[in-house]
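Each chain, letter by letter, is given below.
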Amino acid sequence: MRRLFLLLIVLLAASSAAFSQTTKAFPSAADISTPPAAQTRHLDVKAAVDAYLALVPAEARARSNTYFEGGYWLILWDFLFGAVVALALLNTTFSAHMRDLAERITRFRFLQTFFYWIEYLLLISLVGLPLTIYEGFFRERQYGLMNQSFGDWFSQQMIGLVVGAILGGLLVTALFGIVRRLPRTWWIWGSAVSVVFLVISILIGPVFISPLFNKYTKLKDERVRQPILALARANGIPATDVWEVDASRQSNRVSANVSGFLGTERITLNDNLLRRCSLEEIAPVMGHEMGHYVLNHIFKDILFFTLEALLFFGFLRWSLEWTLARWGAKWQIRGIGDTAVLPLVMLLASVFGFVMTPVNNSWTRAQEYEADLFGINASRQPDGEAKVDLMLGEYRKLDPSPLEEIIFFDHPSGRTRITAAMRYKAEHMDDLQNAPSAGSAPAAQPAPQPTP
Ligand SMILES: [Zn+2]
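Residues numbered from 1 in each chain as written. Predicted model: local features only at pLDDT ≥ 70, side-chain atom pairs only at ≥ 80, totals over all residues. Heavy atoms only, no water.

A.B. asks: Run through the packing of aromatic side chains, naming residues and quoting values.
C.D. replies: Counting across every chain of the model gives 23 aromatic pairs. Taking 5.9 Å as the distance between ring centres and 25° as the angle between the ring planes, the aromatic pair formed by Trp73 and Trp77 counts as stacked. Of this pair, Trp73 and Trp77 both sit in helix 3 (residues 58-91), four residues apart, roughly one helical turn. Plain terms: the ring middles of Phe137 and Phe138 are 6.2 Å apart, the flat faces sit at 90° to each other, and that makes the pair edge-to-face. For Phe138, a relative accessible area of 14% gives the class buried. Three or more aromatic residues link up through ring pairs in this structure, and these residues are Trp186, Phe312, Phe313, Phe315, Trp318 and Phe352. Lying across the ring of Phe108, Arg107 places its NZ or CZ 4.9 Å from the centre. Above the face of the Tyr395 ring, Arg253 is positioned so that its terminal group lies 4.2 Å from the ring centre. (Phe/Tyr/Trp six-rings, centres within 6.5 Å; stacked < 30°, edge-to-face > 60°. Helix = DSSP H or I, 4+ residues; strand = E, 2+ residues; numbered from the N terminus. Buried < 20%, exposed > 50% of the residue type's maximum accessible area, 1.4 Å probe, protein only. Lys NZ or Arg CZ within 6 Å of the ring centre and 35° of its normal.)

Take a look at the structure:
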């Protein structure tokens, strides 16, 4: 079995080297000029948005749509695959055997749980490897979104596995400890512990986890750094540094993010953004990230997660009792405190997550839209915003139906974002033309040169 997988990896690695990367027909923002329909004195918002969207070549648009819509199906296939594996582990009593093995290794209960978790994680990762390789490497490469060699990608997957083994192991051990000690109220305490884990991971993420995958450096280019810090100060953010991440290691995707809290906050922009955009586009992107910070999105996310965790653990308590009463004996599971129940818990979690997909996406998308509005207002660069939104169409469908956007989009679509930008522009035509804006003021200096 293992040799079969090794052979598969070698074959995939060999064929991926021969796989030609599709040419990038998507324009970089620096090459996009504002369409005439977005420059008229009395701006027609819809006409301006349509003119922007028409700048993307039909072939590039079609490819981006196919890529993104394929992601809808992957949600379903991943769910079904996970369900089949979980049911197989339970029905063959393989899960019970893994528990027995963990109990033979050590007599300490918490270590037994941890060992079971390691067995489970390794097994799941191995069985799911072909799917992971297709989704994470092949498919990305097929659409020209992957810069990594197979070896580099695979070694990063291994780092992810180790992180998952440690953090996941700690969480699972803590949760089973709670279930065994508090058989009645475990679902409430389980929610609380999950929230604590979330908070800890947000806290340590930017400092300990992210640097395992990418290099973070302080941005040195003063022509970009100074305007960003000015924008931050103007919006009440006491930032003294901007961080740059070498995201080009993985892909050409343009991105930025704000991470951490309680002292580990940082605003990070990626090197693709620096390379492919000018200050006109960087300013609204950074304004967007500052919006997340000023609007306290991290705290709101934690609150949302807390409510959802309570809902999930409530569902888990009910559905575990129901399922174990029927099939627990057949699966040789002793009760909810038995680690052999884990595949069932994961199955129920994936059912919950599958059903909640539109809710979670809509929560995130609403925050992203707020951040967009903040970014446009702060930077006063509606055209820069529109150009970056077009570039994001490389990996996100630009013009979906409204229902599609509600169900599948965790960020607003290109049309929604450009509409917000053009609406702002239409309402600010006079002041945008008469006064230099926050983002464009320093652009009197030459635009930043591409960084290697
Ligand atoms: Zn965002």
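There's more to say after this.
A.B. asks: So what's going on with the side chain of Thr173? Which residues, and what values?
C.D. replies: For Thr173, the position within the fold is in helix 7 (residues 150-181). By relative accessible area, Thr173 is classed as buried at 15%. A distance of 2.6 Å separates a polar atom in the side chain of Thr173 from the backbone oxygen of Gly169. Not counting chain neighbours up to four residues away, the residues in contact with Thr173 comprise Phe110, Thr113 and Phe114. (Polar contact = N/O pair within 3.5 Å; in protein donor to acceptor, adjacent residues only side chain to side chain. Contact = heavy atoms within 4.5 Å.)

A.B. asks: Can you lay out a nonpolar patch on the surface for me, pointing to particular residues and giving the numbers?
C.D. replies: Where nonpolar side chains cluster on the molecular surface, the patch consists of Ile75, Val351, Phe354 and Val355 and spans about 290 Å² of accessible area. Among the elements that take part in the nonpolar patch, helix 13 (residues 342-379) stands out by supplying three residues, more than any other. Following the sequence through the fold, Phe354 ends up in helix 13. (Patch = residues over 30% accessible without salt bridge, like charges linked within 9 Å, V, L, I, M, F, W, Y side chains within 5 Å. Areas by Shrake-Rupley, 256 points an atom, 1.4 Å probe, with all protein chains shown as cover. Salt bridge = Lys/Arg side-chain N within 4 Å of Asp/Glu carboxyl O.)

A.B. asks: Now, about the packing of helix 12 (residues 297-327) against helix 13: what can you tell me, with residues and values included?
C.D. replies: Remark: helix 12 packs on helix 13, axes separated minimally by 10 Å, with the N-to-C direction vectors making an angle of 160°. With respect to helix 13, the element helix 12 is oriented roughly antiparallel. As helix 12 runs across helix 13, the sense of the crossing is right-handed. A per-class count over the contact of helix 12 with helix 13 returns 16 nonpolar, five polar and four charged. (Axes fitted to C-alpha atoms, helices over the stretch in contact; angles between N-to-C directions. Parallel < 35°, antiparallel > 145°, perpendicular 65-115°, else oblique. Left-handed = near helix turned anticlockwise from the far one by under 90°. Nonpolar A, V, L, I, M, F, W, Y, C, P; charged D, E, K, R; others polar.)

A.B. asks: I'd like to hear about the environment of Gly393, residue by residue, with values.
C.D. replies: Within the element layout of this structure, Gly393 appears in the loop between helix 14 (382-392) and helix 15 (402-408). Taking C-alpha positions, Gly393 is 9.6 Å from Leu53, a pair spaced 340 residues apart along the chain. Discounting chain neighbours no more than four positions away, the residues touching Gly393 are Phe26, Ser64 and Leu398.

A.B. asks: I'd like a description of the domain arrangement of the chain, backed by residues and values.
C.D. replies: Much of the literature gives interface size as the accessible area that the parts lose upon coming together. Partitioning the chain into domains gives domain 1 (32-215 + 295-444) and domain 2 (216-294). Using only C-alpha atoms to locate each centre, domain 1 and domain 2 end up separated by 22 Å. Opposite the 47 residues of domain 1 that make contact, domain 2 presents 37 residues. A combined buried area of about 3600 Å² lies between domain 1 and domain 2, and 57% of that area is made up of carbon and sulfur atoms. Interface area lost by domain 1 to domain 2 is led by Asn147, Asn214 and Lys215, which between them contribute 16%. Counting across the domain 1 and domain 2 interface gives four salt bridges. The shortest N-O distance in the salt bridge between Arg276 and Glu394 comes to 2.7 Å. The interface formed by domain 1 and domain 2 includes 23 residue pairs in polar contact (both at pLDDT 80 or more). Secondary-structure elements contributing two or more residues to the side of domain 1 that touches domain 2 are helix 7, helix 8 (186-209), helix 12, helix 13 and helix 14. The greatest single-element share of the side of domain 1 that touches domain 2, amounting to eight residues, is contributed by helix 13. Classifying every residue of the side of domain 1 that touches domain 2 gives 24 nonpolar, 13 polar and 10 charged. (Domains from an automatic or database assignment. Buried area = accessible area lost by both parts, 1.4 Å probe.)

A.B. asks: Quick one: what's the story with the pattern of salt bridges, residue by residue and with numbers?
C.D. replies: One pass over the structure, following the stated rule, counts 22 salt bridges. Between Lys425 and Asp383 there is a salt bridge; the shortest N-O distance is 2.6 Å. Within this pair, whereas Lys425 is found in helix 16 (residues 414-427), its partner Asp383 is found in helix 14, the two being separated by 42 residues in sequence. Residue classification places Asp383 among the buried residues on the basis of a relative accessible area of 10%. What emerges from the salt-bridge pattern is a single network uniting Arg99, Asp100, Glu103, Arg334 and Asp338.

A.B. asks: Can you break down the packing of helix 6 (residues 129-142) against helix 7 residue by residue, with the values?
C.D. replies: Between helix 6 and helix 7, the shortest axis-to-axis distance is 12 Å and the interhelical angle comes to 120°. With respect to their mutual orientation, helix 6 and helix 7 come out oblique. In this structure, helix 6 meets helix 7 at a crossing whose hand is right-handed. Here helix 6 contributes Leu129, Thr132, Ile133, Gly136 and Phe137 to the contact with helix 7, which in turn contributes Phe150, Trp153, Phe154 and Gln157. Residue composition of the contact of helix 6 with helix 7, by class: six nonpolar, three polar and no charged.

A.B. asks: How would you summarise the sheet that holds strand 4 (residues 266-270) if you had to cite specific residues and measurements?
C.D. replies: Strand order in the open sheet made by the four strands is 1-2-4-3, with mixed pairing throughout. Looking along the sheet, the strands with just one partner apiece sit at the ends: strand 1 (216-218) and strand 3 (256-259). Taken pair by pair, the neighbouring strands of this sheet meet at an average axis angle of 30°, ignoring direction. Strand direction decides the pairing type here: strand 2 (residues 243-245) and strand 4, joined by three bridges, are parallel. (Pairing = 2+ DSSP bridges.)

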